[in-house]
Amino acid sequence: MNKVITSLFFVAAMFAGTTVLAQSNSDFNDKVTFGLKAGINSSNVYDEKGEDFEGDPKIGFVAGGFVGIPLGEFFGIQPEVLFSQKGYSRSGRILTQDYEFKHTTNHLDIPIQLQIRPIPALTILAGPQFSYIVSKKDELKIGGNTTGNVEDFDNKNLRKNSLGVVGGLDINISHLVIGARVGWDLQDNKGDGTSTNPRYKNRWVQLTAGIRF
């Protein structure tokens, strides 16, 4: 995961030195823009209080739209509305059988990010994100048998709304936007805290490609 982010920052630095790209994107710095994007999340869960639970990363889909609102030559605001799949996976053995488990949560994510544009070809973004769980799906495969909707965390007090933070960068190539984000939930899934089941938070790396109008 860290290698992916390092590579993206290296690519961004290469684009930052390209004068042609800077000239071709200068007209986007002084007007409101709209865009669509899609890509993937590599997500997992964590528990900051040390519950005895560890998941494996899971790949999910993300897609939505964004708006760029300039606040001057180098700053702006970028709200987004995204359908975003998160979750985790696990695998191992139960008695003599191999098993695979996938937990998928479908979210409506609304990040509101500050834009910093040192050059037109590069936008640095960071800000809070509001998330709402639309649905969830659990899938358990043991041997050759697959069972759907199996609860891993039988949490009746699941928090459906959560607040998190996101940050990353966009590489701007004319109307094409290549984005990378990292994000963390600030609130766990336990609602008012009465549940005795493991509490967890999402964390993810997001890679997207889009078009800006």
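See the structure printed just above.
Given the structure is predicted, the values throughout are model-derived calculations rather than measurements. (Residues numbered from 1 in each chain as written. Predicted model: local features only at pLDDT ≥ 70, side-chain atom pairs only at ≥ 80, totals over all residues. Heavy atoms only, no water.)

Undergrad: Would you take a moment to explain the overall build of the protein chain for this structure?
TA: The helix and strand inventory of the protein chain stands at two helices and nine strands. Taken from the N to the C terminus, the helices and strands of the protein chain come in the order α-α-β-β-β-β-β-β-β-β-β. When each of the 213 residues of the protein chain is scored for burial, the buried share is 43%. Of the contacts made within the protein chain by residues no fewer than 6 positions apart, 66% connect residues no fewer than 24 positions apart. (Helix = DSSP H or I, 4+ residues; strand = E, 2+ residues; numbered from the N terminus. Buried < 20%, exposed > 50% of the residue type's maximum accessible area, 1.4 Å probe, protein only. Contact = heavy atoms within 4.5 Å.)

Undergrad: Can you help me understand a nonpolar patch on the surface in this one?
TA: The grouping of Val32, Phe34, Leu36, Ile69, Leu71, Phe74, Phe75, Leu114, Ile116, Ile124, Ile211 and Phe213 at the surface amounts to a nonpolar patch, some 1,100 Å² of accessible area in total. Residue assignment for the nonpolar patch shows that the elements contributing at least two residues are strand S1 (33-46) and strand S4 (97-119). The residue leucine 114 is located in strand S4 in this model. What makes leucine 114 partly exposed here is its relative accessible area of 37%. (Patch = residues over 30% accessible without salt bridge, like charges linked within 9 Å, V, L, I, M, F, W, Y side chains within 5 Å. Areas by Shrake-Rupley, 256 points an atom, 1.4 Å probe, with all protein chains shown as cover. Salt bridge = Lys/Arg side-chain N within 4 Å of Asp/Glu carboxyl O.)

Undergrad: Is there a simple way to explain the pattern of salt bridges in this structure?
TA: Pairs can form between side chains of opposite charge whenever their charged atoms are close. Under the definition given, this model contains four salt bridges. Among the salt bridges present, the one from glutamate 80 reaches arginine 181, with a minimum N-O distance of 3.3 Å. Placement of the pair is glutamate 80 in strand S3 (residues 75-94) and arginine 181 in strand S8 (residues 176-185), with a sequence separation of 101 residues. No difference in accessibility class separates glutamate 80 from arginine 181, as the two residues are buried. With a shortest N-O distance of 2.9 Å, arginine 181 and aspartate 170 are connected by a salt bridge. A residue pair is termed long-range when its members are at least 10 positions apart, and arginine 181 in strand S8 and aspartate 170 in strand S7 (residues 161-173) qualify at 11 residues. Aspartate 170 carries the same exposure label as arginine 181, and that label is buried.

Undergrad: In this structure, what is going on with the packing of aromatic side chains? I would like to understand it.
TA: To describe a pair of aromatic rings, one takes the distance between the centres and the angle between the planes. Across all of its chains, the model carries one aromatic pair by this definition. Here lysine 86 stacks its cationic end above the ring of tryptophan 204, 3.9 Å away from the centre of that ring. (Phe/Tyr/Trp six-rings, centres within 6.5 Å; stacked < 30°, edge-to-face > 60°. Lys NZ or Arg CZ within 6 Å of the ring centre and 35° of its normal.)

Undergrad: Got a minute to help me understand the nonpolar core in this structure?
TA: Soluble, globular proteins show a tendency: their nonpolar side chains are buried together. Val45, Tyr88, Tyr99, Phe101, Leu140 and Tyr200 form the largest nonpolar core, which has six residues in total. Look past the residues within four positions of tyrosine 99 in its chain and what remains in contact with it is Arg90, Ser91, Gly92, Arg93, Ile94, Leu140, Lys141 and Ile142. (Core = buried A, V, L, I, M, F, W, Y, C linked by side-chain atoms within 4.5 Å.)

Undergrad: I'm lost on the pairing of S3 in this one. Help?
TA: Sheet faces and side chains relate simply in a regular strand, where the side chains alternate between the two faces. Across seven bridges, the pairing between strand S2 (residues 58-70) and S3 is antiparallel. Paired with glycine 65 across the two strands is valine 81, which belongs to S3. Hairpin connection from S2 to S3: four residues lie between these consecutive antiparallel strands, with glycine 72 at a positive phi of about 135°. Pairing geometry for S3 and S4, over 18 bridges, is antiparallel. Within the sheet, the bridge partner assigned to proline 79 lies in S4 and is isoleucine 112. Hairpin remark: S3 followed by S4, antiparallel, with two residues in the connecting loop; positive phi at leucine 95, about 55°. (Pairing = 2+ DSSP bridges.)

Undergrad: Is there a simple way to think about the pairing of S8 in this case?
TA: In this structure, S7 lies alongside S8, joined through 10 bridges in antiparallel fashion. Each residue of the ladder has a partner; that of isoleucine 171, found in S8, is isoleucine 178. Hairpin connection from S7 to S8: two residues lie between these consecutive antiparallel strands, with serine 174 at a positive phi of about 55°. Here S8 runs beside strand S9 (residues 201-212); their pairing, made up of nine bridges, is antiparallel. Its bridge partner lying in S9, leucine 176 is registered against isoleucine 211.

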